Amino acid sequence: VQLQASGGGLVQAGGSLRLSCVVSGRTVSTLDMVWFREAPVKDREFVTSISYLGTTTYYADAVKGRFTISRDIASNRIYLEMTSLKVEDTAVYFCAARQGGYGRSWFEETNYNYWGQGTQVTVSS
């Protein structure tokens, strides 16, 4: 399974970006998928997730109401729509995946065994 994230860039505070993560080797309908982010001198943190059935999503409190995760089965990718961006959203964003229905915590990066390469999001004030 390979994941490739894209869509990052430089945006002003209050702006929007849409990240994309295309999956090859498995269909997204069989994978639980997540976005994590890693800011300078900070640990990698959970951002949002979507279950393999597409019926369950979770969001970190810091992004709730501003970010939306979605998926497109036809193109085998997931998206992260980010609005009302803040300077503190600046980070490298990673998409990750695991076998659907794994049953372990959504929020621990060690519970995901497929990772994309990351895409940089920089929010300026």
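Note that the structure is predicted; figures quoted are calculated from it, not measured.

Draft legend 1. Molecular detail of the overall build of the protein chain. Looking only at helices and strands, the protein chain has zero helices and eleven strands in total. Beginning at the N terminus, the succession of helices and strands in the protein chain can be written as β-β-β-β-β-β-β-β-β-β-β. The C-alpha radius of gyration computed for the protein chain amounts to 13 Å, which stays within 12% of the reference 14 Å derived for 125 residues, consistent with globular compactness. Each principal axis of the C-alpha atoms in the protein chain carries an extent, and together these give about 40 × 25 × 25 Å. Within the span of the protein chain, comprising 125 residues, buried residues form 42% of the whole. In the protein chain, once contacts between residues fewer than 6 apart in sequence are set aside, the share between residues at least 24 apart is 57%. Positive and negative side-chain charges in the protein chain, numbering 12 and 11 respectively, have mean positions lying 5 Å apart.

Draft legend 2. The packing of aromatic side chains, seen in detail. In this structure the tally under the stated criterion is seven aromatic pairs. Note on Phe36 and Trp115: the rings are 5.4 Å apart at their centroids and 50° apart in plane angle, and the pair reads as tilted. Within this pair, whereas Phe36 is found in strand S4 (residues 31-38), its partner Trp115 is found in strand S10 (residues 114-115), the two being separated by 79 residues in sequence. With a relative accessible area of 27%, Trp115 lands in the partly exposed category. A ring pair is formed by Phe94 and Trp115, whose centres lie 6.4 Å apart and whose planes are at 75°; its orientation type is edge-to-face. Of the two residues, Phe94 sits in strand S9 (residues 91-99) while Trp115 sits in strand S10, which places them 21 residues apart along the sequence. The exposure class of Phe94 is buried, given its relative accessible area of 11%. These aromatic residues form a ring-pair network of at least three members: Phe36, Phe46, Tyr58, Phe94, Trp106, Phe107, Tyr112 and Trp115. A cation over a ring is seen here: Arg44 above Trp115, with NZ or CZ 5.0 Å from the ring centre.

Draft legend 3. Local environment of the nonpolar core. Counting residues in hydrophobic clusters, the biggest one holds 34 residues, and the most contacted among them are Met33, Trp35, Phe67, Leu80, Met82 and Tyr93. Secondary-structure elements contributing two or more residues to this core are strand S1 (2-6), strand S3 (17-24), S4, strand S5 (45-50), strand S7 (67-72), strand S8 (77-82), S9 and strand S11 (119-124). The contact partners of Phe67, leaving out residues within four places of it in the chain, are Arg37, Val47, Tyr59, Leu80, Glu81, Met82, Thr83, Leu85, Asp89 and Tyr93.

Draft legend 4. View of the environment of Leu85. The residue Leu85 is located in the loop between S8 and S9 in this model. You can call Leu85 buried: its relative accessible area is 2%. With 37 residues separating them along the chain, Leu85 and Thr122 place their C-alpha atoms 9.5 Å apart. Contact partners of Leu85, with chain neighbours within four places excluded, come to Val11, Ala13, Gly14, Gly15, Ser16, Leu17, Arg66, Phe67 and Val123.

Cut-offs used in this document
Residues numbered from 1 in each chain as written. Predicted model: local features only at pLDDT ≥ 70, side-chain atom pairs only at ≥ 80, totals over all residues. Heavy atoms only, no water. Helix = DSSP H or I, 4+ residues; strand = E, 2+ residues; numbered from the N terminus. Rg over C-alpha atoms; globule rule 2.2 N^0.38 Å. Buried < 20%, exposed > 50% of the residue type's maximum accessible area, 1.4 Å probe, protein only. Contact = heavy atoms within 4.5 Å. Lys, Arg positive; Asp, Glu negative; His and termini not counted. Charge placed at Lys NZ, Arg CZ, Asp CG, Glu CD. Phe/Tyr/Trp six-rings, centres within 6.5 Å; stacked < 30°, edge-to-face > 60°. Lys NZ or Arg CZ within 6 Å of the ring centre and 35° of its normal. Core = buried A, V, L, I, M, F, W, Y, C linked by side-chain atoms within 4.5 Å.

Just distances and angles here, no functional claims.
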